[in-house]
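For reference, the chains in residue letters:
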Amino acid sequence: MSLKILHLISQRPDSTGSGVYLQEILSAAHQAGHENFLVAAVNDEQIPELPGLGRDQCRFVDFLPKTSNHPEIVGMSDIMPYASRRFRDLSEEEIEQYLDKFRVPIVEMVESFHFDLIHSHHLWLLSSLTRRLFPKLPMVTSCHGSDLRQMNQCPHLLPM
């Protein structure tokens, strides 16, 4: 049976260990005949090429400087391979803005494509947001370890 899968990652999907893991999952799912879609972050004008995904199957959350006073992607690690910020440095208002940036494309994708499954990466804010938005849609989440570190670094964000 072929599945329609929405993949979610709150960072660039081509620049971290989590991104490499995501790409392998995309490739394997594509080879197995599943239809993949993606919501991910970018912070420059270079949109990554990803295995088994056309441009119409992706929505990129834009963290370019023109969109914010602090445009960098919020990293799951303190040091990322691109311009980034740390969750522990964000104000409550910035956390809400961060979640709003992801809310719109996720809702648009789910309403447009009617997925069989959501696969999110990191047991953190994006996964929590998605579960709240779509409590009845089957969802799996891959823990990459840095999410557990965020829970220790940012206990004030655990209720989110």
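As a reminder, the structure under discussion sits directly above these lines.
These numbers were taken from a predicted model, which means no experiment stands behind them.

**Section: the pairing of strand 7 (residues 139-142)**
Then step 1. Here strand 6 (residues 117-121) runs beside strand 7; their pairing, made up of four bridges, is parallel. Across the sheet, residue histidine 121 finds its bridge partner in strand 7, namely serine 142.
Then step 2. Read as a crossover between parallel neighbours, the route from strand 6 over helix 3 (residues 125-133) to strand 7 is right-handed.

**So, the sheet that holds strand 2 (residues 35-42)**
Then step 1. Read from one edge of the open sheet, five strands run 3-2-1-6-7, paired in parallel fashion. Every other strand in the sheet has two partners, leaving strand 3 (58-62) and strand 7 as the edge strands with one partner each. In this sheet, neighbouring strand axes are inclined to one another by 15° on average, regardless of whether the strands run parallel or antiparallel.
Then step 2. Those strands touched by helix 2 (residues 92-113) are strand 1 (4-8), strand 2, strand 3 and strand 6, and its axis lies near 165° from that of strand 2.
Then step 3. Packing of helix 3 onto the sheet brings it into contact with strand 1, strand 6 and strand 7, and relative to strand 7 it is tilted by some 175°.

**Comments concerning the side chain of serine 18**
Then step 1. Considering the arrangement of structural elements, one finds serine 18 in helix 1 (residues 17-31).
Then step 2. On the basis of relative accessible area, serine 18 is assigned to the buried category, the value being 8%.
Then step 3. Apart from residues lying up to four places away in sequence, serine 18 is in contact with Ile9, Gln11, His122 and His144.

**Points about the pattern of salt bridges**
Then step 1. Inspection of the entire model under this criterion finds five salt bridges.
Then step 2. Its salt-bridge partner being arginine 86, residue aspartate 89 comes within 2.8 Å of it at the nearest N-O pair.
Then step 3. Note on arginine 86: relative accessible area 28%, which makes it partly exposed.
Then step 4. Of the charged contacts in the structure, one is a salt bridge between arginine 103 and aspartate 100, with a shortest N-O distance of 2.1 Å. Of this pair, arginine 103 and aspartate 100 both sit in helix 2, separated by three residues, roughly a single helical turn.
Then step 5. The exposure class assigned to aspartate 100 is partly exposed, which follows from its relative accessible area of 38%.

The rules behind these values
Residues numbered from 1 in each chain as written. Predicted model: local features only at pLDDT ≥ 70, side-chain atom pairs only at ≥ 80, totals over all residues. Heavy atoms only, no water. Pairing = 2+ DSSP bridges. Helix = DSSP H or I, 4+ residues; strand = E, 2+ residues; numbered from the N terminus. Right-handed = clockwise from strand over helix to strand, strands pointing away. Axes fitted to C-alpha atoms, helices over the stretch in contact; angles between N-to-C directions. Contact = heavy atoms within 4.5 Å. Buried < 20%, exposed > 50% of the residue type's maximum accessible area, 1.4 Å probe, protein only. Salt bridge = Lys/Arg side-chain N within 4 Å of Asp/Glu carboxyl O.

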